Amino acid sequence: EPTGALNSSMGLIVLDMLTELNDKGQSIVMVTHDLKAATRATRLIYLKDGKVDGELLMKNFKKEDIKEREKMVYNFLIERGW
């Protein structure tokens, strides 16, 4: 939860930094319950009871695609019973 204890504006700065590092080829492993943070991912792995219950692959994050990505992630999570 890299932004869990941060206010909204600082959380956005951290997510932007992580996204920029990922765009440059750095792998990032992030655990989150935050839908907005999850939309930044290129790969989501959903764990249930310690086992992989699903995977969602997405393109690199672009701010203009945020609504479409939110829908994709939301639907993926609903399918998993979230």
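Residues numbered from 1 in each chain as written. Predicted model: local features only at pLDDT ≥ 70, side-chain atom pairs only at ≥ 80, totals over all residues. Heavy atoms only, no water.

Draft legend 1. Here's a closer look at a nonpolar patch on the surface. Taken together, the side chains of Leu6, Met10, Ile13 and Met17 define a hydrophobic patch exposed on the protein surface, amounting to about 360 Å² of accessible area. One can find Met17 in helix H1 (residues 8–23). (Patch = residues over 30% accessible without salt bridge, like charges linked within 9 Å, V, L, I, M, F, W, Y side chains within 5 Å. Areas by Shrake-Rupley, 256 points an atom, 1.4 Å probe, with all protein chains shown as cover. Salt bridge = Lys/Arg side-chain N within 4 Å of Asp/Glu carboxyl O. Helix = DSSP H or I, 4+ residues; strand = E, 2+ residues; numbered from the N terminus.)

Draft legend 2. Up close: the side chain of Arg69. Inspection of the secondary structure puts Arg69 in helix H3 (residues 66–79). Within the buried set, Arg69 has no salt-bridge partner at all; the shortest N-O distance to an opposite charge, 5.5 Å, is to Asp65. In terms of polar contacts, Arg69 uses its side chain to reach the backbone carbonyl oxygen of Thr39, at 2.7 Å. (Buried < 20%, exposed > 50% of the residue type's maximum accessible area, 1.4 Å probe, protein only. Lys, Arg positive; Asp, Glu negative; His and termini not counted. Polar contact = N/O pair within 3.5 Å; in protein donor to acceptor, adjacent residues only side chain to side chain.)

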